Amino acid sequence: MSGGVTCELVAWAAARVDWLREGLLGWFERFGRCFPWREPGRSAYEVTVAEILLQRTTAAQVAQVYPDFLRRYPAWDSLARATPAELEGVLRPLGLWRQKARALQRLARSLEERHGLMPETRRELERLPGIGPYTASAVLAVVYGQAEPLLDANLARLLGRCFGLSQTLSRSSRRRLLQALALHLVRDERSLQVNWAALDFGTLVCRPRRPLCPCCPLRSACAYALLLEPPATPSAGAP
DNA sequence: ATCCGGCAAC
DNA sequence: GTTGCCGGAT
């Protein structure tokens, strides 16, 4: 009933995740992306704002408005007092600007009530407007250095493909499996690097469409790549 | 023309 | 649990 795999991965899966982690870290050293919100020493405010801006939005778009956003609204109080029209204007290039403006301002006002102090538990974080499970994980991981998996669509796709998770799995089964795999993946001193590696890798290599399997460094351990690749045809002259 | 993407509201 | 929010990518 407790479903062992959801709490503790079987050995072969754990070993495969360990291998994936090393592959991702190696790839990240060469091809990982740099973003201002990944710079060390960013405040809870700067990190949280970035994560809200990034919800259902590409990093490249967010990078274009982020510096200006921080210049105009350097802390929760200035954001709380922002003119909605100006705020929406700054966010317009991102799309979802009406929703993001509203969420950011409601969040800023909630945090002012807490004297700008960010909660340190998932439970408290998820009570804040605009902060759901993913963004709470991001704050725990980036601000507080916890080994929390950033299980967004990128990491879910990456793990789903590598482990060949069947589409016939129920959503809850799939979720639990992904959660267990992701937890093991970031159970490491370099958990934040692993998370960022997975997100970049999911965007640049293990893309939703036309993934770059032929040059993927993880393909030898990937069910999806093995399924797609033609089974090594014996060369013409082979015995 | 369709896919992609976190959260809140319904 | 389904739908709406918005643009960009394909």
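Please read all numbers here as calculations on a predicted model, not as lab measurements.

### Examining the protein's contact with DNA strand B
- In the neighbourhood of DNA strand B, 18 residues make up the surrounding shell, with Arg56, Gln99, Gly130, Thr135 and Ala153 lying closest.
- Atoms of DNA strand B within 4 Å of the protein belong to the sugar or the phosphate in 57% of instances, the rest to bases.
- In this structure, a phosphate oxygen belonging to DNA strand B sits 3.0 Å away from a main-chain N or O atom of Gly132.
- Arg157 is positioned with one of its side-chain polar atoms (N or O) 2.9 Å from a phosphate oxygen of DNA strand B.
- The set of elements that each furnish at least two residues to the surface near DNA strand B consists of helix H7 (97–113), helix H9 (133–142) and helix H10 (153–162).
- Its residues assigned to classes, the surface near DNA strand B comprises seven nonpolar, five polar and six charged.

### Focus: the domain arrangement of chain A
- Its domain assignment divides chain A into domain 1 (4–31 + 148–227) and domain 2 (36–142).
- Counting from both sides, the interface comprises 11 residues of domain 1 and, opposite them, eight residues of domain 2.
- Roughly 800 Å² is buried in total at the junction of domain 1 and domain 2, and carbon and sulfur atoms are behind 63% of that figure.
- Ranking the residues of domain 1 by area buried against domain 2 places Glu148, Leu150 and Trp196 at the top, with a combined share of 63%.
- Across the pair Arg38 and Asp200 runs a salt bridge whose closest N-O atoms are separated by 2.9 Å.
- For the side of domain 1 that touches domain 2, the element with the most residues is helix H12 (residues 191–204), which contributes five residues.

### Some words on the protein's contact with DNA strand C
- By nearness alone, every residue bordering DNA strand C is listed as Gln61, Gly95, Leu96, Trp97, Arg98, Gln99, Arg209 and Arg210.
- At the protein interface, 68% of the atoms of DNA strand C within 4 Å belong to sugar or phosphate.
- Interatomic distance of 3.1 Å between a backbone N/O atom of Leu96 and a sugar or linking oxygen of DNA strand C.
- Arg98 is positioned with one of its backbone polar atoms (N or O) 3.0 Å from a phosphate oxygen of DNA strand C.
- Tallying contributions element by element places H7 first for the surface near DNA strand C, with three residues.
- Of the residues assigned to the surface near DNA strand C, the class counts are two nonpolar, three polar and three charged.

### Notes on the packing of aromatic side chains
- Taken as a whole and judged by the stated rule, the model has seven aromatic pairs.
- An angle of 85 degrees between the planes, with centres 5.1 Å apart, marks the rings of Trp27 and Phe201 as edge-to-face. In this pair, Trp27 sits in helix H2 (residues 11–31) while Phe201 sits in helix H12, placing the two residues 174 residues apart along the sequence. Grouping residues by exposure puts Trp27 and Phe201 together as buried.
- With a centroid separation of 5.2 Å and an interplanar angle of 65 degrees, the aromatic rings of Phe69 and Tyr73 are classed as edge-to-face.
- Three or more aromatic residues joined by ring pairs form one cluster here, namely Trp27, Phe31 and Phe201.
- The ring of Trp97 carries the charged tip of Arg92 above its face, separated from the ring centre by 4.4 Å.
- Here Arg161 stacks its cationic end above the ring of Tyr224, 4.6 Å away from the centre of that ring.

### Comments concerning H7
- The end-to-end C-alpha separation of H7 is 24 Å, in line with the 24 Å expected for 17 residues at 1.5 Å each.
- Tucked into the core, H7 has its buried residues touching helix H3 (44–54), helix H4 (59–72), helix H5 (76–80) and helix H6 (84–91).
- A positive phi of about 60 degrees marks His115, the residue just after H7.

The rules behind each value
- Numbering of residues begins from 1 in every chain and follows the order in which that chain's sequence is written.
- The lettering of chains begins at A and the numbering of ligands begins at 1, in the order of writing.
- Given that the model is predicted, a residue must reach a pLDDT of at least 70 before its local features are reported, and side-chain atom pairs must reach 80 or more before they are shown or counted; all residues, however, enter totals for whole chains, interfaces and linings.
- Remark: hydrogens and water are excluded; side-chain values derive from all non-hydrogen atoms of the structure.
- Proximity is defined per residue: if any heavy atom of the residue lies within 4 Å of a molecule or strand, that residue is considered near it.
- Any pair of N or O atoms that falls within 3.5 Å is considered a polar contact. Within protein, one atom must be able to donate a hydrogen and the other to accept it, and sequence-neighbouring residues count only if both atoms are side-chain atoms.
- A run of DSSP states H or I qualifies as a helix once it reaches four residues; a run of E qualifies as a strand once it reaches two. Both are numbered from the N-terminal end.
- Asp, Glu, Lys and Arg are counted as charged, while Ala, Val, Leu, Ile, Met, Phe, Trp, Tyr, Cys and Pro are counted as nonpolar; the rest, among them Gly, fall into the polar class.
- Those domain boundaries reflect an automatic or database domain assignment.
- Contacts between residues were defined by any pair of non-hydrogen atoms, one from each residue, lying within 4.5 Å.
- When two parts are put together, the accessible area they lose, computed with a 1.4 Å probe and summed over both, is reported as buried area.
- One side-chain nitrogen of Lys or Arg within 4 Å of one carboxyl oxygen of Asp or Glu is enough to make a salt bridge.
- For this analysis, a ring pair means two rings from Phe, Tyr or Trp (six-membered ring only for Trp) whose centres lie within 6.5 Å, classed as stacked if their planes differ by under 30 degrees, edge-to-face if by over 60, and tilted for the remaining angles.
- Exposure categories follow from relative accessible area, calculated using a 1.4 Å probe and restricted to protein chains: below 20% of the type maximum is buried, above 50% is exposed, and the middle band is partly exposed.
- Geometrically, a charge over a ring is one whose NZ (Lys) or CZ (Arg) sits within 6 Å of the ring centre while staying within 35 degrees of the ring normal.
- Under the convention used throughout, the expected extent of a helix is 1.5 Å for every residue step, that is, one less than its residue count.

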